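# An overview of the molecular structure
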Amino acid sequence: MFTERMYQHNLMRFLLLFSRQGKLRLQKWFTPLTDREKKKVIRDVMALVLARPPRSCNFLHWRDIKVVYKRYASLYFCTGLEDQDNELLTLEVLHRYVELLDKYFGNVCELDIIFNFEKAYYILDEFLMGGEVLETSKVAVSVSMENADTLQETMEEYMNRPAF
């Protein structure tokens, strides 16, 4: 018998972006946890990933989940998966997110995430929903970002007009 789970895509539990110094820059949770549980996950996963030698495998087990991470410049992109999910596909998802950030920011860096975190979250929300890939096209996500930026600029112009 086939189970329903066999037909599902990779389902992330969380996505974390943190620096080499252990500063959390972005967090997205796809499964409900209390704030206390989230802090414990963040602390434990960051400690595990940061303690690994540079040439180590990008996959590790922690509790009942697989942790998949990739370092880009000074940021670690890290996610938690179910045991049966595909690690290599998840690395591709992380890489696609970095590509989307690069396309929007023009060679994204840690400061872009710090000062424009709402844009980084928006790109993530256009790309992933509920821990699964929503949109695979970089062009579609870019068009959505352009539309959102145009709307924001229009609203700022409207709000800055004097009221008569």
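Higher on the page you've got the structure.
Here's a quick rundown of the structure. Fair warning: this is a prediction, and the values are worked out from it, not measured in the lab. (Residues numbered from 1 in each chain as written. Predicted model: local features only at pLDDT ≥ 70, side-chain atom pairs only at ≥ 80, totals over all residues. Heavy atoms only, no water.)

## Here's the deal with the pairing of strand β2 (residues 24-29)
- Note: strand β1 (residues 12-19) against β2, five bridges, orientation antiparallel. Across the sheet, residue Leu16 finds its bridge partner in β2, namely Gln27. (Pairing = 2+ DSSP bridges. Helix = DSSP H or I, 4+ residues; strand = E, 2+ residues; numbered from the N terminus.)

## With respect to the pairing of strand β3 (residues 59-62)
- The alternating pattern of β3 places Leu60 and Trp62 on a buried face and Phe59 and His61 on a face that is not buried.
- Pairing of β3 with strand β4 (residues 65-72) involves four bridges; the strand directions are antiparallel. Bridging from a neighbouring strand, His61 pairs with Lys66 of β4.
- Between β3 and β4, which pair antiparallel one after the other, the connecting turn spans two residues, and Arg63 there sits at a positive phi close to 55°. (Buried < 20%, exposed > 50% of the residue type's maximum accessible area, 1.4 Å probe, protein only.)

## What to know about a nonpolar patch on the surface
- A contiguous nonpolar patch, built from Leu151, Met155, Tyr158 and Met159 and spanning about 470 Å² of accessible area, is present on the exposed surface.
- As for its position among the elements, Met155 is in helix α5 (residues 138-160).
- Using a relative accessible area of 43% as the deciding quantity, one classes Met155 as partly exposed. (Patch = residues over 30% accessible without salt bridge, like charges linked within 9 Å, V, L, I, M, F, W, Y side chains within 5 Å. Areas by Shrake-Rupley, 256 points an atom, 1.4 Å probe, with all protein chains shown as cover. Salt bridge = Lys/Arg side-chain N within 4 Å of Asp/Glu carboxyl O.)

## Examining helix α4 (residues 117-127)
- Residues Lys119, Ala120, Ile123, Leu124 and Phe127 constitute the buried set of α4. Buried residues of α4 fall within an arc of 140° about the axis and therefore sit on the same side. (Arc of directions from axis to C-beta.)

## What about the packing of aromatic side chains?
- Evaluated as defined, the whole model comprises six aromatic pairs.
- Between Tyr72 and Phe77 the ring centres are 5.5 Å apart and the planes differ by 90°, which places this aromatic pair in the edge-to-face class. Comparing Tyr72 with Phe77 shows no difference in burial state: the two are buried.
- Seen from their ring centres, Phe77 and Tyr97 are 6.2 Å apart, and the 75° between their planes marks the pair as edge-to-face. One end of the pair, Phe77, is in strand β5 (residues 75-81); the other, Tyr97, is in helix α2 (residues 87-105), and 20 residues separate them in sequence. Assigned by exposure class, Phe77 and Tyr97 land together as buried.
- Members of the aromatic cluster, each reached through a chain of ring pairs, are Phe18, Tyr69 and Tyr76. (Phe/Tyr/Trp six-rings, centres within 6.5 Å; stacked < 30°, edge-to-face > 60°.)

## A closer look at the side chain of Glu110
- Checked against the element boundaries, Glu110 lands in helix α3 (residues 110-115).
- In contact with Glu110, other than residues within four places in its own chain, are Ser19, Arg25, Ser74 and Leu75. (Contact = heavy atoms within 4.5 Å.)

## A closer look at the nonpolar core
- Among the nonpolar cores identified, the biggest contains 27 residues, and Leu15, Leu17, Phe77, Tyr97 and Leu101 are the most heavily contacted of them.
- Where this core is concerned, the elements lending two or more residues are β1, β4, β5, α2, α4 and α5.
- At eight residues, α2 tops the list of elements feeding residues into this core.
- With residues up to four places along the chain from it excluded, the contact list for Phe77 reads Leu16, Leu17, Val68, Tyr69, Lys70, Tyr72, Leu94, Tyr97, Val98 and Leu101.
- Membership of the second largest hydrophobic core comes to 16 residues, among which are Trp29, Val49, Tyr69 and Cys78. (Core = buried A, V, L, I, M, F, W, Y, C linked by side-chain atoms within 4.5 Å.)

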